[in-house]
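Working through the structure, step by step
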Amino acid sequence: MAEKVEEKLTVAAVARRIGVAPATLRTWDRRYGLGPSEHVEGEHRRYCPKDLAKLTMMRRLIVAGVAPAEAAEQARNCKSAVKIETIVKVFEVREEVVDALYKALEAFDREFVEKTLAHEIETYGVEGAWSDVIVPTLFMIGEEWENNQKGIEVEHLFSEILKRTMHNRVVELKKPLNNRPVLLAAVGEELHSLPVYALAAALCERNIETYVLGARTPLSALSAMVTRCAPPAIFLWAQLPKNAENKYWRELPAIRPAPRIVVGGPGWDSVKCDEVIRAEGLEHACQEISQAIGA
């Protein structure tokens, strides 16, 4: 049987994989001795899988706030990869988490982002992680786009990770507090539905069952669900003003008892919402919906 040949990567290929500049790899090699383990003088640098693992660990430790020299020492001396769960526990303040998430997203380090989010949610719950970490990270991504027209791919990656993370947090509740599920929807042609999934996950932590209708929910679909399910509360999300119309509560079928209507998102800023409850954030929406079911 032929011996398996290990894949050897160029400086450029490694730089792309771990999200740093090629010059950074050369600096790490010169300053910290984190270069190709089998480099032959006069030949181009080629990195083996073990080299790549150490460099990945180096970058993740730096992202987590570890000083480069200390990160390099840990990476050089470690016989096996340090688990990401161990790395993300070193954060001392939440601002560090936001900064680390943003840097990891720029490097397209999906695993680091997922494990960091999981740790934050397990430690602080969906509501805490959303307000203190996720929203500030989204804000940083938005600022980068507004100022430099860069980072749309970062936003898409983060949105995809968040949607899956929140979806996975919603489990089947054996004995939910509500007999009839709460309806959650992003109305009109609204495609920005992340807050809807975050709300579903946060309500699940409160033992409240939901039906998530997702993005681009038309009035007809919302009305049909109201008739069939008689929800105790309905949450309507609109990110953009063009999707925020009062018909989404005024033209719903009349049922008894009448559901509590909660709206959220900046799209409702220009709409008179005296007839419904305007949620100022995830926690407020959770509180209003909890009250609607008597929790």
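Since the structure is predicted, the reported quantities are computational estimates derived from the model, not experimental observations. (Residues numbered from 1 in each chain as written. Predicted model: local features only at pLDDT ≥ 70, side-chain atom pairs only at ≥ 80, totals over all residues. Heavy atoms only, no water.)

Okay, the overall build of the chain next. Of regular secondary structure, the chain possesses 12 helices and five strands. Expressed as lengths along the three principal axes of its C-alpha atoms, the size of the chain is roughly 80 × 45 × 40 Å. For the chain, the residues scored as buried account for 46% of the 295 residues in total. Pairs at least 24 residues apart make up 72% of the contacts formed inside the chain by residues separated by at least 6 positions. Accessible surface, the chain: about 16,000 Å² in total, of which carbon and sulfur atoms supply 50%. Here the chain contributes 38 positively and 42 negatively charged side chains, and the mean placements of these two sets differ by 4 Å. (Helix = DSSP H or I, 4+ residues; strand = E, 2+ residues; numbered from the N terminus. Buried < 20%, exposed > 50% of the residue type's maximum accessible area, 1.4 Å probe, protein only. Contact = heavy atoms within 4.5 Å. Areas by Shrake-Rupley, 256 points an atom, 1.4 Å probe, with all protein chains shown as cover. Lys, Arg positive; Asp, Glu negative; His and termini not counted. Charge placed at Lys NZ, Arg CZ, Asp CG, Glu CD.)

With four of five residues buried, strand β4 (residues 260-264) is to be regarded as a mostly interior element. Pairing analysis gives five bridges linking strand β3 (residues 233-237) to β4, with the strands arranged parallel. Note on β4: the bridge partner recorded for Ala-233 is Arg-260. The pairing of β4 with strand β5 (residues 277-278) spans two bridges and is classified as parallel. (Pairing = 2+ DSSP bridges.)

Next up on the list: the confidence of the model for the chain. Across the chain, pLDDT averages 89, with 92% of residues at or above 70. Per-residue pLDDT stays below 50 along residues 1-5; that stretch engages in zero contacts with residues further than four places along the chain or on separate chains. (pLDDT = per-residue confidence, 0-100.)

What follows covers the side chain of Thr-165. Along the chain, Thr-165 turns up in helix α8 (residues 152-169). Judged by relative accessible area, Thr-165 falls into the buried class, the value being 17%. Here Ile-161 takes part through its backbone oxygen, which lies 2.7 Å from a polar atom of the side chain of Thr-165. Residues in contact with Thr-165, not counting those within four places in the same chain, are Leu-117 and Ile-121. (Polar contact = N/O pair within 3.5 Å; in protein donor to acceptor, adjacent residues only side chain to side chain.)

Right, let's get into the packing of aromatic side chains. Applying the stated rule across the entire model yields two aromatic pairs. When the centroid spacing of 5.6 Å and the interplanar angle of 45 degrees are considered together, the rings of Trp-249 and Trp-268 count as tilted. Of this pair, Trp-249 sits in helix α11 (residues 247-250) while Trp-268 sits in the loop between β4 and β5, and the two are 19 residues apart along the sequence. We note that Trp-249, like Trp-268, is buried. (Phe/Tyr/Trp six-rings, centres within 6.5 Å; stacked < 30°, edge-to-face > 60°.)

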